[in-house]
Amino acid sequence: MEVLYRALDRLEDALAFAAAAMIVFTVVFVPIDVGSRYFFGAPITWVYEVTEYILLMVPCLGMAWLARRDGHVVIDVLTSRLDERRRRRLERAVALFVALSCAFVAWWGGVVTLESFKAGAIIENVLQTPQWIVYVAIPLGFGLSALEFARKGLRP
Amino acid sequence: MEWWLVLAVIFASLIVLLAVGVPVAFAFLIVNIAGAAILQGGAGGFQQLIHSIFGSVTSFSLLPIPLFVLMGEILWQTNIAARALSALDKLLGRVPGRLSLLTVLSGTIFAALSGSTIANTAMLGSLLLPDLKKRGYADDLSMGAIMASGALAMLIPPSALAVIFAVIAKISIGKVLIALIAPGLLLAAIYALYIIWRAMRDPTAAPAYQVTPATFREQMVGLLLYVAPLSFIVFMVIGVMFLGVATPTEAAAFGCIGSIGLATAYRDLTWVRFRDSIEGTLRISAMMLAIMACAIGFSQLLAYSGGSRGLLDYVLSFDASPVVFFILMQLILLVLGCFMEQIAIMLITLPIFMPIVKAMGIDPIWFAVVCLINMEVALLTPPFGLLLFVMKGAAPRVKMHEVYLAAAPFVLIDILVIGLLIAFPGVATVFAGLVR
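Note that the coordinates shown come from a computational prediction; the quantities given were computed from them, not determined experimentally.

**Overview of the overall build of chain A**
Phase 1 of the analysis: Along its length, chain A carries five helices and zero strands.
Phase 2 of the analysis: Of the regular secondary structure in chain A, the N- to C-terminal order runs α-α-α-α-α.
Phase 3 of the analysis: Scaling as 2.2 N^0.38, a compact globule of 156 residues should have a C-alpha radius of gyration of about 15 Å, whereas chain A reaches 19 Å, well beyond that.
Phase 4 of the analysis: With the principal axes as the frame, chain A shows a C-alpha extent of 65 × 35 × 30 Å.
Phase 5 of the analysis: Relative to its full complement of 156 residues, chain A shows a buried share of 45%.

Structural data, given as structure tokens:
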């Protein structure tokens, strides 16, 4: 189990790193695009499009990493009033429930992505990006999050 | 099923999920899954849900969220703020409540450089609280002033929450951001007046102290080197939007370049600090975007179920004046603000409120500004205002009720300003009308 957990950590870190790199990408390229448009009248047409995909990638790829570090906002108005033992029990039940719902979304995300892959669907835009390349972030992100919440739920 | 029953079931299940501690993003997700299963009949609905996750965040207009947060992180990780503060310190003469005024002044400036209230408050706390305590300032003039000026980061652009509001409400992001400048400055001015009045009435609350006068030369060097360059970043964000040169998203990217450039020019941006800023940005923006991705389907669900339409017709059947509804909606937000965090409040209320606002002919920008000030109050209201806990974290030996009391005068000022804006909508929309 320890080995699996460590593999999960690594995978989460790698995806989070990718998400961070994408944020840096937008900081660098959006101003270059604007500058190029204003000063040379030549926008870098694909920046806009890639940026939009990044906005899906960041939350998906960062989701499981964030869950491990308890970074998702929780409204603990009521749960913080429970005693330690009951709170822990509730937290574990909630984590397992969230894991199930993430797995559910990962499954349907996988279905949609696979169908899109088979049909060869593309996103009608400058780059003519195959749809599945962007969509695959959804089963990936939610799938890993399902594992992460399952770990939280099963932790002794 | 009756519309009100559908609506009640949807809201009740969401509130139960939130109450037992399901993270906000996933609480919305679970309700949306259930909605897709029941109202949209299984498989087709689930596929629709996946497409809505894709569609809800892949929008260029959402990019300011990570970028505004990054600006705040860079300000927080580097010493830009500390230097500007000490330069401002030299500029400020002998005034009543001097240190508190310095807090509000620098907090307002930092708010124009940062989109994160937490970072702003924590920064002001670590820079100013020790001195305020040492000089024996009263709680409201020390902790209160820090929390109130820290909260201004939510209003004065760059403001990530204003972007989220505009996206959920489907109104112009640029106009909301620009419109927030005037009320933000108005709040800061009234905070300053309150501090002066308080310090003059009760000198023990803000003991006067000997200020070593800075030479004119020192003042000018500080002003030119450490304060003036900040106005460059402010221009990069607010100015280019105002002039119509760039969209809010492009302005945000320029702001980031400006912050990074300035930190580099001060030889302040080490690799470690840059990495920490990016990591902090990823943490906050992935959290916000995950909520957006999972929750936008919620307003579609409300529309699809006929709930929002039914409620709208019901509300309109009352034939009351728009102002009554305006005030009623603000009261609802104020109460929710005591218990919930802002994005969740917006996602729950705006799909219901915005159609009402539209149908009643209320100016949506005016409404947005007042709502956002209201959400700002939520940062400071007990029992769960976020900044109260940030303050408690910065001052561990202080009791929680002392933090509550310290924030109280500023909460009253905020509510006063909300009243003012309801009475004089012009204050809220004066700048928005000027945007090209």
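**Overview of helix α2 (residues 45-68) of chain A**
Residue and element names in this part refer to chain A.
Phase 1 of the analysis: The terminal C-alpha atoms of α2 lie 37 Å apart, and with 24 residues this matches the ideal 34 Å at 1.5 Å per residue to within 8%.
Phase 2 of the analysis: The largest bend along α2 measures about 40° and falls at G62.
Phase 3 of the analysis: Counting buried residues along α2, 19 of its 24 residues qualify, which places the element largely inside the surrounding structure.
Phase 4 of the analysis: Downstream of α2 by one or two residues, D70 has phi in the positive range, about 50°.

**Remarks on the packing of helix α4 (residues 64-77) of chain B against helix α9 (residues 160-169) of chain B**
The axes of two packed helices give the description: the angle between them and the distance between them.
Residue and element names in this part refer to chain B.
Phase 1 of the analysis: At their nearest, the axes of α4 and α9 sit 8 Å apart, and the two run at 170° to each other. In terms of axis orientation, α4 runs roughly antiparallel to α9. On α9, the residues that touch P64, I65, F68 and V69 of α4 are A160, V163 and I164.
Phase 2 of the analysis: Split by residue class, the contact of α4 with α9 holds seven nonpolar, no polar and no charged.

**Describing the packing of aromatic side chains**
Phase 1 of the analysis: Within this structure, the stated rule accounts for 21 aromatic pairs over all chains.
Phase 2 of the analysis: With a centroid separation of 6.3 Å and 35° between ring planes, the pair formed by F25(A) and W46(A) is classed as tilted. Taken together, the residues span a long stretch of sequence, with F25(A) in helix α1 (residues 2-40) and W46(A) in helix α2 at a distance of 21 residues.
Phase 3 of the analysis: Taken together, a centroid distance of 4.7 Å and an interplanar angle of 90° make the contact between F104(A) and F46(B) edge-to-face. Here F46(B) lies in helix α3 (residues 43-57) and F104(A) lies in helix α3 (residues 84-119), a pairing that spans two chains.
Phase 4 of the analysis: Ring pairs connect the aromatic residues Y191(B), Y194(B), W197(B) and F410(B), which therefore count as one cluster.
Phase 5 of the analysis: One Lys or Arg, R151(A), reaches over the ring of Y5(A) and ends 5.0 Å from the middle of that ring.

**Observations regarding the layout of surface pockets**
All names here are of chain B.
Phase 1 of the analysis: By volume, the second largest pocket amounts to about 370 Å³.
Phase 2 of the analysis: Forming the boundary of the second largest pocket are 16 residues, of which A169, K170, P351, M354 and P355 lie nearest the centre.
Phase 3 of the analysis: Looking at the lining of the second largest pocket, the elements that each hand over two or more residues are α9, α14 (271-304) and α17 (342-359).
Phase 4 of the analysis: The element that contributes the greatest number of residues to the lining of the second largest pocket is α17, accounting for six residues.
Phase 5 of the analysis: When grouped by side-chain class, the residues that make up the lining of the second largest pocket number 11 nonpolar, three polar and two charged.

**Some words on the interface of chain B and chain A**
Phase 1 of the analysis: Contacts between the two partners involve 55 residues from chain B and, on the opposite side, 52 residues from chain A.
Phase 2 of the analysis: Considering only the surface of chain B that becomes buried against chain A, F26(B), F60(B) and L282(B) emerge as the three largest contributors, covering 14% of it.
Phase 3 of the analysis: Linking chain B with chain A are two salt bridges.
Phase 4 of the analysis: The tally of links between chain B and chain A comes to five residue pairs in polar contact (both at pLDDT 80 or more).
Phase 5 of the analysis: Secondary-structure elements contributing two or more residues to the side of chain B that touches chain A are α1 (3-19), α2 (24-39), α3, α4, α13 (248-265) and α14 of chain B.
Phase 6 of the analysis: Considering each element in turn, the side of chain B that touches chain A owes the most residues, 13 residues, to α14(B).

**A closer look at the confidence of the model for chain B**
Phase 1 of the analysis: Of all residues in chain B, 99% attain a pLDDT of 70 or more, and the chain-wide mean is 89.
Phase 2 of the analysis: Reported for the predicted complex are a pTM of 0.90 and an ipTM of 0.94.

**Concerning the packing of helix α16 (residues 322-337) of chain B against helix α18 (residues 364-378) of chain B**
Residue and element names in this part refer to chain B.
Phase 1 of the analysis: At their nearest, the axes of α16 and α18 sit 9 Å apart, and the two run at 25° to each other. Taken together, α16 and α18 sit at an angle that is classed as roughly parallel. Relative to α18, the crossing made by α16 is right-handed. Where α16 abuts α18, its residues F326, M329, Q330, L333, L334 and G337 lie against W366, F367, V370, C371, N374, M375, V377 and A378.

**Looking at the environment of G93(B)**
Phase 1 of the analysis: Residue placement: G93(B) occurs in the loop between α5 (80-91) and α6 (98-111).
Phase 2 of the analysis: Relative accessible area serves as the criterion here: at 39%, G93(B) is assigned to the partly exposed category.

**Brief notes about the pattern of salt bridges**
Phase 1 of the analysis: One pass over the full model with this rule turns up 23 salt bridges over all chains.
Phase 2 of the analysis: Ionic contacts of the salt-bridge type, sharing partners, join the residues D9(A), E12(A), D13(A), R68(A), E148(A) and R151(A) into one network.

**Here we look at helix α19 (residues 386-394) of chain B**
All names here are of chain B.
Phase 1 of the analysis: The complete set of buried residues in α19 reads L387, L388, V390 and M391. Considered in projection along α19, the buried side chains sweep an arc of 160° and stay on one side of the axis.
Phase 2 of the analysis: Elements that come into contact with the buried residues of α19 comprise α7 (117-134), α8 (139-151) and α20 (400-423).

**Brief notes about the side chain of T381(B)**
Phase 1 of the analysis: Position of T381(B) relative to the elements: it lies in the loop between α18 and α19.
Phase 2 of the analysis: Residues in contact with T381(B), not counting those within four places in the same chain, are G337(B), C338(B), L388(B) and V411(B).

The rules behind each value
- Residues numbered from 1 in each chain as written.
- Chains lettered and ligands numbered in written order.
- Predicted model: local features only at pLDDT ≥ 70, side-chain atom pairs only at ≥ 80, totals over all residues.
- Heavy atoms only, no water.
- Helix = DSSP H or I, 4+ residues; strand = E, 2+ residues; numbered from the N terminus.
- Rg over C-alpha atoms; globule rule 2.2 N^0.38 Å.
- Buried < 20%, exposed > 50% of the residue type's maximum accessible area, 1.4 Å probe, protein only.
- Expected span 1.5 Å × (residues − 1).
- Bend = angle between axes of the 7 residues up to and from the residue.
- Axes fitted to C-alpha atoms, helices over the stretch in contact; angles between N-to-C directions.
- Parallel < 35°, antiparallel > 145°, perpendicular 65-115°, else oblique.
- Contact = heavy atoms within 4.5 Å.
- Nonpolar A, V, L, I, M, F, W, Y, C, P; charged D, E, K, R; others polar.
- Phe/Tyr/Trp six-rings, centres within 6.5 Å; stacked < 30°, edge-to-face > 60°.
- Lys NZ or Arg CZ within 6 Å of the ring centre and 35° of its normal.
- 1 Å grid on protein atoms, 1.4 Å probe; cavity = no way out; pocket = protein on both sides within 12 Å on 5 of 7 lines; lining within 4 Å.
- Points joined across faces, edges and corners; volume = space filled by probe spheres on them.
- Buried area = accessible area lost by both parts, 1.4 Å probe.
- Salt bridge = Lys/Arg side-chain N within 4 Å of Asp/Glu carboxyl O.
- Polar contact = N/O pair within 3.5 Å; in protein donor to acceptor, adjacent residues only side chain to side chain.
- pLDDT = per-residue confidence, 0-100.
- Left-handed = near helix turned anticlockwise from the far one by under 90°.
- Arc of directions from axis to C-beta.

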